[in-house]
Amino acid sequence: MPKIIILLLLTFTVEFLLTGCRDPKITPHSAEATSQRALAQGTVVGYRAANGALGWLGIPYAAAPIGQLRWRAPKPAPPWTGTLEAIRPGSPCLQRGSWLGGAPAKSVGKVFGSEDCLFLNVWAPAEEQPEGLPVMVWIHGGGNTTGHGGFYDFSQMAERFNLVVLSFNYRLGGLGWFYEPSLWTEDDDALDRSGNFGLLDQIQLLKWVRGNIHTFGGDPDRVSIFGESAGGQNALALMVSPSSEGLFHGAIAQSGYTSSVTPEEASRAKRGVVGERAGASGEMLLYWLQQEELANSHEAAIRYRKSMSPEEVNIFLRSLSPTQLVMGYYAESKNHTAPIMIADGVVIPADGIASAFQQGRLHRVPLIAGTNRDENNLWLALSPELVTNYFGAFYRPKDEARYRFFSEYRAKGWKARGADDPSRWVTATGVDAFAYRWDWDEEPKGVWGDFSLLVGAAHGLETTFLTGVFPQDGLAGMLFTGSNEKGRLTLSREMQSYWAEFAYAGKPGRGRSNELPEWTAWNLEKGADKFMILDTPDGGGIRMSNDEVFLDELLVLAASDERARNEEDICWLVYLNLKDEPLYDPGTYWNWEDGRCRAYPAAYFDAKAD
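Every chain is numbered independently, its residues counted from 1 as its sequence is written. For a predicted model such as this one, the threshold for reporting local features is a pLDDT of at least 70, and the threshold for listing and counting side-chain atom pairs is 80 or more; totals across whole chains, interfaces and linings nevertheless cover every residue. Side-chain metrics in this entry use all non-hydrogen atoms of the structure; hydrogen atoms and water are not considered.

Undergrad: Any chance you could explain unusual backbone geometry here in plain terms?
TA: Glycine aside, the phi torsion of most residues is negative, and most peptide linkages are trans. A positive phi angle, close to 60°, is found at Asn144, a residue other than glycine. Structurally, Asn144 can be placed in the loop between strand E9 (133–139) and helix H2 (155–161). Remark: exposure states derive from per-residue accessible area (1.4 Å probe, protein chains only) relative to the maximum for the residue type, with buried under 20%, exposed over 50%, and partly exposed in between. Using a relative accessible area of 0% as the deciding quantity, one classes Asn144 as buried. Despite not being glycine, Glu593 has its phi angle at roughly 45°, a positive value. Per the convention used, a helix needs a DSSP run of H or I reaching at least four residues, while a strand needs a run of E reaching at least two, with both numbered from the N terminus.

What follows is the structure, given as structure tokens:
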């Protein structure tokens, strides 16, 4: 299964659990007079949260990317007259509705959101502080195809630790990442031609922070970005983007990755292509020509495309409706297929994110990078190969040892590429990197299943510990129970404390209280402590570990693990981990251990996943 599809599936499922299977209805807050602030764009008034924090929701940070601004770099937000009541989030960016995106039930599986979507949310402590406060900017996850900033509430973290915290929306999917030279005009600059519009939105947000955050009590010279999954990928991409230099001073990548694609991969039409390259702009253009009945086959669409001038292609693409733009990417797959993070040589280095890290071409800011101990469990729990479910509800592993085999080695593979590699690369430049592994797995065991085994410390669950908001209804109530409340609330506060101290001091240290175990920087010396394990006392507590992971060593170890059922299991595990590598070359799998897995070519496992 392609890595972007796996990430989408994992993140979707976690958020599905955490929203409790309910329609998230957004009710406006009451305006709070003391929250009135004067920005460069105009005056805003916000609200007071139940925990005492002040909040401002739905502030535009860029001009609406509609009409001729579609597929162009963002422009500054225009001013407004009067007072803007910032008491409810702005529209999410266009996407196919899902629980992850906070869509109501009627929009799940349908077009959700708007192209006019570049809004931000701010939370700050109620009492004014004598000095500028550290600023933390949350980048939401969702495979860069779903989600929105209004789905998260960081008011508790802001009030508890005297922080200014932001979340925001950015363009998603094929509207956020689209590389098509026919769209370019002589008036377009290098940013307009980059194709990385979603990442440019994030850079525009950081520019807005630099110019406006002092109004909310924030210090523009102490800005940390933090994000999970695709948000972690974005944070790592911002660390190597020349366009973001000087806009932030620390980064946290939670379950991130350093994948990117070439402009050719992002644009080339290729007959029969499947997986995460199927949504290349050239291929999508051929699809849309057929949908508009300008061609009746793929071959006819190719001929028609060759007859079109660049101006005609430009006009055609800009005429497409939101439904066509969003749903076309799901035409042949239930998962979004747009190539994400285009190594255009301007916004993202031409040799890609991972190569830039490896060569030390990155902003010299401290990094926290971590993963969850059981990252891939929610994908595994949905695999009919590994898990049986009865009536779609009662889940049981077919072979517990085999389930644990895939769970352990898939998660360790993610640790290698998402935490250990970035930490090694940053440390090699002389800058501090701090790594973690999140281990909380105290979900209950019951008739529905053993959630501690099936879910455990799965992808995305740690975000709830940072907001401190634990839903108690629906499926979430099955995970967050009275029996695990004390431990998870304590761990939640401890994690918030570490993240806050990083925002204040550039290192997590002993937390804001100066009472937690000291979280030391990654040490390149063999056998030295590398990362912090984040867990409750029942799980061993918070503690440093030296359990470093290198992928090549990991795969050799997996190949000798008796929990694997057979050679096919070993090769499947090897293929999945190698394919998720940011610099994956198909020949790496074909030649692994002198061709040991050639009896199971990549196409075999791709077909198996489909």
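Continuing now.
Undergrad: Explain the pattern of salt bridges here, please?
TA: Opposite charge on two side chains permits pairing when their charged atoms draw close. Salt bridges are defined as contacts in which a side-chain nitrogen from Lys or Arg sits within 4 Å of a carboxyl oxygen from Asp or Glu. By the definition in use, this model includes 27 salt bridges. Arg402 is the partner of Glu385 in a salt bridge, and the nearest nitrogen-oxygen pair spans 3.0 Å. Of the two residues, Glu385 is situated in the loop between helix H12 (377–380) and strand E14 (387–390) and Arg402 in helix H13 (residues 400–428); the sequence distance between them amounts to 17 residues. By relative accessible area, Glu385 is classed as partly exposed at 25%. Between Arg410 and Asp580 there is a salt bridge, with its nearest N and O atoms 3.0 Å apart. Highlighted residues: Arg410 in helix H13 and Asp580 in the loop between helix H19 (567–579) and helix H20 (586–590), separated in sequence by 170 residues. In this pair, the class of Arg410 matches that of Asp580, namely buried. Taken together, the shared-partner salt bridges connect Glu385, Arg402, Arg565 and Asp569 into one network.

Undergrad: Whenever I open this one, the environment of Ser241 confuses me. Can you help?
TA: Its location among the elements puts Ser241 in the loop between helix H5 (230–240) and strand E12 (250–254). Given the relative accessible area of 0%, Ser241 is considered buried. The sequence separation of Ser241 and Ile203 amounts to 38 residues, and the corresponding C-alpha distance is 9.4 Å. The contact criterion used throughout is that any non-hydrogen atoms of two residues lie within 4.5 Å. Excluding its chain neighbours within four sequence positions, the residues that come into contact with Ser241 are Ile203, Val347 and His363.

Undergrad: Would you explain the sheet that holds strand E1 (residues 37–38) in this entry?
TA: Remark on secondary structure: sheet strands pair via backbone hydrogen bonds, oriented parallel or antiparallel. Pairs of strands are assigned from DSSP output, requiring at least two bridges between the strands. On the basis of which strands lie adjacent, the open sheet formed by three strands has the order E1-E2-E5 and mixed pairing. This sheet does not close on itself; its edge strands, each paired only once, are E1 and strand E5 (83–85). The pairing of E1 with strand E2 (residues 43–45) spans two bridges and is antiparallel. Along E2, the bridge assignment pairs Arg37 with Val44.

Undergrad: It is not clear to me how the packing of helix H7 (residues 281–291) against helix H8 (residues 298–307) should be interpreted in this structure. Could you clarify?
TA: Angle between the axes and distance between the axes: these two values describe a pair of packed helices. Look at H7 against H8: their axes get within 9 Å of each other, and the N-to-C directions meet at 105°. What the angle tells us is that H7 and H8 run roughly perpendicular. On H8, the residues touching Glu283, Leu285, Leu286, Leu289 and Gln290 of H7 are His298, Ala301, Ile302, Tyr304 and Arg305. As a working rule, the residues Ala, Val, Leu, Ile, Met, Phe, Trp, Tyr, Cys and Pro are called nonpolar, Asp, Glu, Lys and Arg charged, and the rest polar, with Gly in that last group. Residues that form the contact of H7 with H8 fall into these classes: six nonpolar, two polar and two charged. Under this scheme, a helix contributes an axis fitted over its contacting stretch, all axes are lines through C-alpha atoms, and angles between N-to-C directions fall in the 0 to 180 degree range. When an angle is under 35 degrees it counts as roughly parallel; over 145 it counts as roughly antiparallel; between 65 and 115 it counts as roughly perpendicular; any other value is oblique.

This is a description of form; function is not addressed.
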